[in-house]
Amino acid sequence: MNNIKKISDFKDIKVIKETASILEKGGLAIIPAKSFYGISADVFNKEAVNKIFKIKKRSYNLPILVLVENSSLVLNFAKEINKTAEKIMKQFWPGNVTLVFNAKESVPENITGGTKKVGIRIPENSISRAVLKHFGGKAITSTSVNVSGSKPASSIEEIENGILNKIDIVLDAGKLPEGDLSTVIDVSNENRFEILREGTIKKETLLNFLQGTRKR
């Protein structure tokens, strides 16, 4: 398939720039994360994001993750960053921790799934971060490359041709290392946080870290 581009790391600038350009024009890209591949689009391109829902046969009331290049971009999407969120961001980003904030009204509804909340992460994968850098400080989506409810793909060979044929560019970084999905933490309440999904960062690790910061 002509849309599949082999990529070894973030130094493959030609492929990185091509990917960013395709996203700018409303295209879709498959990009490696830490352990699984994800489908990306410009967060603010409603038509492109809706294509992802159709490809995955995903319910429109399910929110889609937002990837940003750095922490300064979070307030483009979140109404506020409380102290707990700030501590987690400093300790675990870039990394496999997704934080769920109260979303600004400007965040598209197909990103929030109508929940009025938005999940944000700075990815650990250097290729993902390079694409974000060349995307000009904007943000992209990331959701597992699969039909909703089925197993996420850790290699391009695991992805159905029916999905690959609908993607404008596919970055093939080979078989990704085994690992868990990201840990998802709701930090929308100033007085408490809630672990919505335990993944790479375990609950005990997170609690020990936060308790340690309170003692300082």
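Here is what the cut-offs are and how they apply
Residues numbered from 1 in each chain as written. Predicted model: local features only at pLDDT ≥ 70, side-chain atom pairs only at ≥ 80, totals over all residues. Heavy atoms only, no water. Core = buried A, V, L, I, M, F, W, Y, C linked by side-chain atoms within 4.5 Å. Buried < 20%, exposed > 50% of the residue type's maximum accessible area, 1.4 Å probe, protein only. Helix = DSSP H or I, 4+ residues; strand = E, 2+ residues; numbered from the N terminus. Pairing = 2+ DSSP bridges. Phe/Tyr/Trp six-rings, centres within 6.5 Å; stacked < 30°, edge-to-face > 60°. Lys NZ or Arg CZ within 6 Å of the ring centre and 35° of its normal.

(A) View of the nonpolar core. The biggest cluster of nonpolar side chains holds 48 residues, and the ones touching the most others in it are Ile30, Leu99 and Phe101. For this core, the secondary-structure elements that each account for two or more residues are strand 3 (37–40), helix 2 (46–56), helix 3 (83–92), strand 5 (97–102), strand 6 (117–121), helix 6 (161–164) and helix 7 (203–215). Looking at this core, the element that brings in the most residues is helix 2, giving five residues. If you look at the next biggest cluster of nonpolar residues, it comprises 17 residues, including Leu67, Ile127, Ala130 and Leu132.

(B) Region of interest: the pairing of strand 3. The two faces of strand 3 match: Tyr37 and Ile39 on one face and Gly38 and Ser40 on the other face are all buried. Of the strand pairs in this sheet, strand 2 (residues 29–32) and strand 3 are connected by four bridges, and their pairing is antiparallel. Note that in strand 3 the partner of Ile31 across the bridge is Gly38. Between the end of strand 2 and the start of strand 3, which pair antiparallel, lie four residues. Two elements, strand 3 and strand 7 (residues 140–144), share two bridges in a ladder whose sense is antiparallel. Within the sheet, the bridge partner assigned to Ile39 lies in strand 7 and is Thr143.

(C) Region of interest: the packing of aromatic side chains. One pass over the full model with this rule turns up three aromatic pairs. Measuring from centroid to centroid gives 5.6 Å for Phe44 and Phe77, while their planes differ by 20°, and the two rings are stacked. One end of the pair, Phe44, is in the loop between strand 3 and helix 2; the other, Phe77, is in the loop between strand 4 (65–67) and helix 3, with 33 residues separating them in the sequence. With a relative accessible area of 47%, Phe44 lands in the partly exposed category. On the accessibility criterion, Phe77 (3% relative accessible area) is buried. Taking the centre distance of 4.6 Å and the plane angle of 15° together, the rings of Phe53 and Tyr60 count as stacked. Cation over ring: Lys138 sits above Phe135, and NZ or CZ is 5.6 Å from the ring centre.

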